[in-house]
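# Secondary and tertiary structure notes
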Amino acid sequence: MGRFFTWLLVGIVRLWQIGPSAILPPTCRYQPSCSAYAITALRRYGPLKGGWLAIKRIARCQPWGGHGPDPVP
């Protein structure tokens with residue numbers, strides 16, 4: 001069941017990458033981008049921990065947050 005949810009969440013992120021993200025100007029503060037980070041975290045840790053890591057990363061992506069390299073742990 002966990003693989004299904006991982007597949008579903010990765011699919012949602014991929015839709016973001018080929019949809020709105022492709023139209024909007026690039027504004028990523030971190031490397032890799034938040035969507036690439038989310039896909040890696042989901043594939044490595046599954047839907048719960050990977051989803052939590054992705055949410056934490058997106059929450060850090062704001063003007064007062066950091067920048068630069070931030071790989072998935």
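Summary of the structure given here. (Residues numbered from 1 in each chain as written. Predicted model: local features only at pLDDT ≥ 70, side-chain atom pairs only at ≥ 80, totals over all residues. Heavy atoms only, no water.)

What follows covers the overall build of the protein chain. Broken down by element type, the protein chain carries 3 helices and 2 strands. N-terminal to C-terminal, the α/β element order of the protein chain is α-α-β-α-β. Relative to the globule expectation of 11 Å for 73 residues, the C-alpha radius of gyration of the protein chain, 12 Å, shows essentially globular dimensions. Overall size of the protein chain, expressed as C-alpha extent along the three principal axes, is 35 × 25 × 15 Å. Counting over 73 residues, the protein chain shows a buried share of 29%. (Helix = DSSP H or I, 4+ residues; strand = E, 2+ residues; numbered from the N terminus. Rg over C-alpha atoms; globule rule 2.2 N^0.38 Å. Buried < 20%, exposed > 50% of the residue type's maximum accessible area, 1.4 Å probe, protein only.)

Moving on: helix α1 (residues 2–18). When the terminal C-alpha atoms of α1 are compared, their 24 Å separation across 17 residues agrees well with the 24 Å that a helix rising 1.5 Å per residue should span. Among all positions in α1, only T6, V10, V13 and Q17 are buried. All buried residues of α1 fall inside an arc of 60 degrees around its axis, so they share one side. For α1, exposure combined with an orientation more than 90 degrees from the buried face picks out W7, L15 and I18. Buried residues belonging to α1 abut α2 (20–23) and α3 (34–60). (Expected span 1.5 Å × (residues − 1). Arc of directions from axis to C-beta. Contact = heavy atoms within 4.5 Å.)

For the structure on display, the rule yields 2 salt bridges. Its salt-bridge partner being D70, residue R57 comes within 3.6 Å of it at the nearest N-O pair. Here the residue R57 occupies a position in helix α3, and D70 occupies one in the segment after β2 (68–69), the gap between them amounting to 13 residues. Among the salt bridges present, the one from D70 reaches R60, with a minimum N-O distance of 2.3 Å. Residue D70 is found in the segment after β2, and its partner R60 is found in helix α3; the two are separated by 10 residues along the sequence. (Salt bridge = Lys/Arg side-chain N within 4 Å of Asp/Glu carboxyl O.)

Two aromatic rings are characterised by how far apart their centres lie and by the angle between their planes. Per the counting criterion, the structure on display carries 2 aromatic pairs. A cation sits over an aromatic face here: K49 above Y45, 4.5 Å from the ring centre. Positioned over the ring face of Y30 is R60, at 5.8 Å from the centre of the ring. (Phe/Tyr/Trp six-rings, centres within 6.5 Å; stacked < 30°, edge-to-face > 60°. Lys NZ or Arg CZ within 6 Å of the ring centre and 35° of its normal.)

Geometric values such as these leave the question of function open.
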